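# Chains, contacts and geometry: an overview
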Amino acid sequence: MKELVFKTTALSTAEPYTTSEVIAEYSENEHKSIRKLIETHKTTLERLGVLTFEIAKPPKNSKGGRPRKIYHLNEQQATFLITLLKNTPNVVAFKFELTRQFYATRNELKKRHSLRLEDKSKRKTLTDAVKEWNLKENYPHPYSMFTNLLCKVTTGKSCKQFKASCKADKKTPITELMNVNQLEKYQGLENKIIALLSLNMDYQQIKAYLNGGTLQVTI
């Protein structure tokens, strides 16, 4: 099955959700039937969280059609709603996969949040290392320079490009937007930079090394 669970934002504090459209497609019901079921049990669903929706425009280049109301349901709301559906083999398979994806998404967000907290504790270490190193190098914005390097090596994009791809505010820390694999790679590179700074490597040497080059250390 394709992606059934989405995130409210790109941040690690996001909430996972599914949609009435997903439930309709994989339970083999018409969307208007699922929407009606939601509206019939709206009061109960609202006890499990705020019931939100989006108004989706007709697909591009389609002939006619009205905007559609698509409900967003959190894990509890979705779980309750699908208990109201008939247990055909396809619905059972869908329920299993939806449950699995909700768990996986929430687990990934939890791990991202944990790594983000760990990264915060390292910020001072990197800041101090850069500050001490820059007493000799005298770059105008050394910390931003290394943060941009870390982002580029980790994601293939500059900080500005990465934030834009995540549709995030300029003030949002890049580590708040990274997935678990990216965060783990970022933190590993961060530790390497701290070690290289302590060896008084210059910026170009550090950049070359992080991009796969060899390290020449003079003792």
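Bear in mind the structure is a predicted one, so any value in this text is a computation, not a measurement.

A few words now on the overall build of the protein chain. Counting its regular elements, the protein chain contains 9 helices and 4 strands. Along the protein chain, helices and strands appear, N-terminal first, in the series β-β-α-α-α-β-β-α-α-α-α-α-α. The C-alpha atoms of the protein chain give 24 Å as radius of gyration, which overshoots the globular expectation for 219 residues (17 Å, by more than 25%). In terms of principal-axis extent, the alpha carbons of the protein chain reach across some 75 × 35 × 30 Å. Here the protein chain, with 219 residues, has 39% of them falling under the buried criterion. Counted over contacts in the protein chain with a minimum sequence separation of 6, partners at least 24 positions apart contribute 60%. Split by element, the accessible area of the protein chain, about 13700 Å² in all, is 53% carbon and sulfur. In the protein chain, the 37 positive side-chain charges and the 22 negative ones have mean positions that sit 5 Å from each other.

So, about the nonpolar core. Nonpolar side chains tend to gather and get buried jointly when the protein is soluble and globular. Residues Phe146, Ile193, Leu197 and Ile206 are the most contacted members of the largest nonpolar core, which totals 29 residues. Elements with a contribution of two residues or more to this core: α5 (89-137), α6 (142-155), α7 (159-165), α8 (180-198) and α9 (203-210). The contacts of Phe146, once residues within four sequence positions are left out, are Val130, Trp133, Ile193, Leu197, Tyr203 and Ile206.

Right, let's talk about the environment of Arg106 for a bit. For Arg106, the location among the structural elements is in helix α5. Arg106 sits 22 residues away from Leu84 along the chain, and the two C-alpha atoms are 24 Å apart. Looking at Arg106, its side chain comes within polar contact range of the side chain of Glu75, at 3.2 Å.

The next thing to look at is the environment of Ile174. Here Ile174 shows up in the loop between α7 and α8. Judged by its relative accessible area of 6%, Ile174 is buried. Here the alpha-carbon distance between Ile174 and Val92, two residues 82 residues apart in the chain, equals 39 Å. The contact partners of Ile174, leaving out residues within four places of it in the chain, are Thr147, Cys151, Cys159, Phe162, Lys163 and Tyr186.

The next subject is the sheet that holds strand β4 (residues 68-73). Spatially, 4 strands are ordered β1-β2-β4-β3 in an open sheet, and the strand pairing comes out antiparallel. Two strands bound the open sheet, and with one partner strand each, they are β1 (6-7) and β3 (52-56). In this structure, β1 lies alongside strand β2 (residues 16-19), joined through 2 bridges in antiparallel fashion. When the bridges of β2 are listed, Lys7 appears paired with Pro16. Against the sheet, helix α4 (residues 75-82) touches β2 and β4, its axis set at about 110 degrees to β4.

Phi at Glu28 takes a positive value of approximately 60 degrees, unusual for a residue other than glycine. Relative to the elements of secondary structure, Glu28 occurs in the loop between α1 (20-26) and α2 (31-40). Residue Asn200 is not a glycine yet carries a positive backbone phi of 60 degrees. Within the secondary structure, Asn200 sits in the loop between α8 and α9. Its relative accessible area of 47% is what places Asn200 among the partly exposed residues.

Calculation criteria
- Residues numbered from 1 in each chain as written.
- Predicted model: local features only at pLDDT ≥ 70, side-chain atom pairs only at ≥ 80, totals over all residues.
- Heavy atoms only, no water.
- Helix = DSSP H or I, 4+ residues; strand = E, 2+ residues; numbered from the N terminus.
- Rg over C-alpha atoms; globule rule 2.2 N^0.38 Å.
- Buried < 20%, exposed > 50% of the residue type's maximum accessible area, 1.4 Å probe, protein only.
- Contact = heavy atoms within 4.5 Å.
- Areas by Shrake-Rupley, 256 points an atom, 1.4 Å probe, with all protein chains shown as cover.
- Lys, Arg positive; Asp, Glu negative; His and termini not counted.
- Charge placed at Lys NZ, Arg CZ, Asp CG, Glu CD.
- Core = buried A, V, L, I, M, F, W, Y, C linked by side-chain atoms within 4.5 Å.
- Polar contact = N/O pair within 3.5 Å; in protein donor to acceptor, adjacent residues only side chain to side chain.
- Pairing = 2+ DSSP bridges.
- Axes fitted to C-alpha atoms, helices over the stretch in contact; angles between N-to-C directions.

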